[in-house]
Amino acid sequence: MDKLTPKQKAFADNYIISGNATEAAKKAGYKEKAAYAIGAENLRKPQIMEYIKNRTAHAEKKRIATGDEVMQFLTRVMNGEEKDAFGLDASLDTKIKAAVELAKRTCDIKDNKTDGGITIINNIPKSNTAD
């Protein structure tokens, strides 16, 4: 990976924080009048985008729940151990939904099923109306 100039590094770091290329260019020390164009140009430079990608990869991994975390959360909701935003217990309806979601995941794992969905069985006998 090519080295970044101090301004490019400052731009990338500020872009990670704000998500706004123009603002990041201004904070990195680029001229106010050129900030929009420089910001757009910097986002097209592969070495800057690689730097941004590397810096944000770890944070992205931490933000996405793993399968185990989802299962643990659903179990806590079902058991009434998880409170809502107001500190209240989950309703019975919410606990049932958590149990259903948990059952879907555990049954699929135990049965080694990966397809999910519904199987339609047509077992209705045909009538003989050829009188």
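Please read these numbers as outputs of a predicted model, since none were measured by experiment. (Residues numbered from 1 in each chain as written. Predicted model: local features only at pLDDT ≥ 70, side-chain atom pairs only at ≥ 80, totals over all residues. Heavy atoms only, no water.)

Draft legend 1. Spatial organisation of helix α1 (residues 6-18). A rise of 1.5 Å per residue sets the reference length of α1, with its 13 residues, at 18 Å; its end C-alpha atoms lie 18 Å apart and thus fit the reference within 8%. Among the residues of α1, those classed as buried are Gln 8, Phe 11, Ala 12 and Asn 14. Those residues of α1 that are buried lie in contact with α2 (21-28), α3 (35-42) and α4 (46-63). Positive backbone phi, at 75 degrees, marks Gly 19, one or two positions downstream of α1. (Helix = DSSP H or I, 4+ residues; strand = E, 2+ residues; numbered from the N terminus. Expected span 1.5 Å × (residues − 1). Buried < 20%, exposed > 50% of the residue type's maximum accessible area, 1.4 Å probe, protein only. Contact = heavy atoms within 4.5 Å.)

Draft legend 2. Structural detail: the side chain of Asn 42. Topologically, Asn 42 is positioned in helix α3. Of the residues examined, Asn 42 reaches a relative accessible area of 2% and is grouped as buried. For Asn 42, the residues in contact, after removing those within four places along its chain, are Phe 11, Tyr 30 and Ile 48.

Draft legend 3. Structural detail: the packing of α1 against α2. Running from N to C, α1 and α2 point in directions that differ by 135 degrees, and their axes come no closer than 8 Å. Overall, the two elements α1 and α2 adopt an arrangement that is oblique. By crossing handedness, the relation of α1 to α2 is classed as right-handed. Taking contact as the criterion, the partners of Lys 7, Ala 10, Phe 11, Asn 14, Tyr 15 and Ser 18 in α1 are, on α2, Ala 21, Glu 23, Ala 24, Ala 25, Lys 27 and Ala 28. (Axes fitted to C-alpha atoms, helices over the stretch in contact; angles between N-to-C directions. Parallel < 35°, antiparallel > 145°, perpendicular 65-115°, else oblique. Left-handed = near helix turned anticlockwise from the far one by under 90°.)

Draft legend 4. Structural detail: the nonpolar core. Grouped together as the largest cluster of nonpolar side chains are twelve residues: Phe 11, Ala 12, Ala 21, Ala 24, Ala 25, Ala 28, Tyr 30, Ala 35, Ile 38, Ile 48, Tyr 51 and Ile 52. Of all the elements in the fold, those that place two or more residues in this core are α1, α2, α3 and α4. Apart from residues lying up to four places away in sequence, Ala 35 is in contact with Ala 21, Thr 22, Ala 25 and Lys 26. Residues Leu 74, Val 77, Ala 90 and Ala 98 belong to the second largest nonpolar core, which totals six residues. (Core = buried A, V, L, I, M, F, W, Y, C linked by side-chain atoms within 4.5 Å.)

Draft legend 5. Highlighting the packing of aromatic side chains. The final tally for this structure, using the stated rule, is one aromatic pair. An angle of 15 degrees between the planes, with centres 6.0 Å apart, marks the rings of Phe 11 and Tyr 15 as stacked. Placement of the pair is Phe 11 and Tyr 15 together in helix α1, with a separation of four residues, close to one helical turn. Judged by relative accessible area, Phe 11 falls into the buried class, the value being 0%. According to the relative accessible area criterion, Tyr 15 is partly exposed, its value standing at 21%. The ring centre of Tyr 30 lies 5.0 Å from the NZ or CZ of Lys 7, which sits over that ring. (Phe/Tyr/Trp six-rings, centres within 6.5 Å; stacked < 30°, edge-to-face > 60°. Lys NZ or Arg CZ within 6 Å of the ring centre and 35° of its normal.)

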